[in-house]
Amino acid sequence: MNALATPSALSEASTTPARISRTAATALAIALVAVIAWLDCVTGDFSLAVFYLAPVVVATWYAGRATGWFIGVLSAAAWLLADQTPSQADGELLRPYWNAAMLALTYGIVTHLLSALEQLQAELRKRVDRRTASLTEVHHRVKNNLQIISSLLMLQAEKLTNPADKAVFDECRDRIYSMARLHEQLYSSGEFSDLDFGAHLREMAEMLVRSHTPPGCILALEVRADPVAMGLDTAVTLGLIANELLLNALKHGFDCRRAGKLTVELRAGNPNQMTVRDDGRGLPPGFDARTKAGLGIELVLGMTRQIHAEVKIENDPVRGTRTTIFFPSLPLSQTELKSKPTYHD
Amino acid sequence: MTNARILIVEDEAITVSALKRELVSLGYKVTATASATDEALNAVELHKPDLVLMDITLAGGVNGIVAALAIRGNFHVPVVFLTAHADDRTMERAVNAGAFGYVLKPFSGAGLKAAIETALHKHQTEMESRRVS
């Protein structure tokens, strides 16, 4: 049986490397002081005082403020011994000691500034970790709540006897599923900001074709999706639009047909384009999305407006229906918002 | 493998109800449900299910993984995890606990069936190879 790490074991594991690096850093700093002092002695009157900052920085950053101070004083003493013998010979006894004390003080100030910076960095890291943990928890709760809503819809649908009524609940569950998958993708990426909509579109199309292909119809799905990055808000809305278009094609495009083809395309550009095309029976004569469409198309029009995109619904030149959504490639600021959406049909 | 007997371990009552109905509609039999690890262990001992569908996060912690370790070690019953998120760390622990698969929340009927069938087949193959050796 595989054993799971206990909290105490984890704590011990996390502290051991820190202790080793602290000792190693101190040893390295002392060695550096010795090497610089030797060079300082060899070079005679040429002062190498600035080079002692290296061991001071190493000691402070990796072993803490006290060790930094110790190495600073040690460096000043080394500098005094290595560089100041001639001055003593001149009879100016106090000046080298005074200079060494000033040097030790300078190293001390560097130590203090560095340790303050290190503490600030550690605090920032802690805050980022806490925020990431909170965000993870929020995503977790969102998905659990989506599961509960989906379950409630399923339980409610059980009481219905009319298959058409049940289908409405199933569609709602599909929409929830689509949103949940986006949360999953965002969470898995670890970025919590942008996600690849192409991957989501592919997964959603495959899922919907698996569950909504009309009985007796052999349906081929072709997905050509460029990677297109976007924020969660846009992705959720665009995902719901794709969900409606795919469901619409699956529900109405292949009635009484034994075979068909559904094509989904996502092309990166400016604007980006998302196209859902079926080779079914096409739009009914006199179709007007603004006046004679069902809830699905009404939702598509509303959501398209919401993300400042344009929609084009038309009969495919070869066969069937083709719907294209043109959406901006960069997030729009409030000043760039269009007052009215453009609509083609 | 339809008619397989499944134990559901999940602490969210609404999700349990939906799972029960979905599993029954897929042709499985739900032998029992449990909402905590100790309850799950007792239910496995009592009902001897073919498979356990287990929520990873029970009562605020990842106790499902601990329960799965015990179930796999003591009863040799395959466990499929039900989880809201498939992050690398949790999945690594799930794999170490001997998980036979996982289903992401919110679940779909097709996803549930695929995960259960794969787990049952894998378990059967494992048991047969164990018998041969």
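Up top is the structure.
Computed from a predicted structure; not experimentally measured.

**A look at the overall build of chain B**
At step 1: A tally of helices and strands in chain B yields five helices and five strands.
At step 2: When the helices and strands of chain B are read in sequence order from the N terminus, they spell out β-α-β-α-β-α-β-α-β-α.
At step 3: Buried residues in chain B amount to 41% of all 133 residues.

**Some points on unusual backbone geometry**
At step 1: Pro271 of chain A follows Asn270 of chain A through a cis peptide bond whose omega is 5°.
At step 2: Structurally, the position occupied by Pro271 of chain A is in the loop between β4 (259-267) and β5 (272-278).
At step 3: Cis geometry is adopted by the peptide bond preceding Pro106 of chain B, which originates at Lys105 of chain B and carries an omega value of -5°.
At step 4: In this structure, Pro106 of chain B sits in the loop between β5 (101-104) and α5 (109-132).
At step 5: Phi is positive for His308 of chain A, close to 60°, though the residue is something other than glycine.
At step 6: Turning to its location among the elements, His308 of chain A is positioned in the loop between α9 (295-306) and β6 (310-315).
At step 7: With a phi angle near 55°, His76 of chain B is a residue other than glycine that sits in the positive phi range.
At step 8: Tracing the backbone shows His76 of chain B in the loop between α3 (63-75) and β4 (79-83).

**A few points about the nonpolar core**
At step 1: The biggest cluster of nonpolar side chains holds 40 residues, and the ones touching the most others in it are Leu53 and Val80 of chain B.
At step 2: The element best represented in this core is α3 of chain B, accounting for five residues.
At step 3: Ignoring anything within four residues of it in the chain, the contact list for Val80 of chain B reads Leu51, Leu53, Phe100, Gly101, Tyr102, Val103, Ala115, Ile116 and Ala119 of chain B.
At step 4: Core analysis: the next-biggest nonpolar cluster, separate from the first, contains 38 residues, Ala235, Ala242, Leu250 and Val300 of chain A among them.

**A closer look at the sheet that holds β5 of chain B**
Residues and elements named next belong to chain B.
At step 1: The strand order β2-β1-β3-β4-β5 describes an open sheet built from five strands, whose pairing is parallel. One side of each edge strand has no neighbouring strand; the edge strands of this open sheet are β2 (29-34) and β5. The sheet shows a mean angle of 20° between the axes of neighbouring strands, taken without regard to direction.
At step 2: Both strand β3 (residues 51-55) and β4 contribute to a ladder of four bridges, which runs parallel. Looking at the pairing, Leu53 lines up with Val80 of β4.
At step 3: Contacting β1 (5-9), β2 and β3, helix α2 (residues 37-47) crosses the sheet at an angle of about 145° to β2.
At step 4: Contacts between α3 and the sheet are confined to β1, β3 and β4, with β3 contributing the most and set at about 165° to the helix.

What counts, and at which threshold
- Residues numbered from 1 in each chain as written.
- Chains lettered and ligands numbered in written order.
- Predicted model: local features only at pLDDT ≥ 70, side-chain atom pairs only at ≥ 80, totals over all residues.
- Helix = DSSP H or I, 4+ residues; strand = E, 2+ residues; numbered from the N terminus.
- Buried ≥ 20, exposed ≤ 12 C-beta atoms within 10 Å, placed from the backbone.
- Core = buried A, V, L, I, M, F, W, Y, C linked by C-beta atoms within 7 Å.
- Contact = placed C-beta atoms within 7 Å.
- Pairing = 2+ DSSP bridges.
- Axes fitted to C-alpha atoms, helices over the stretch in contact; angles between N-to-C directions.

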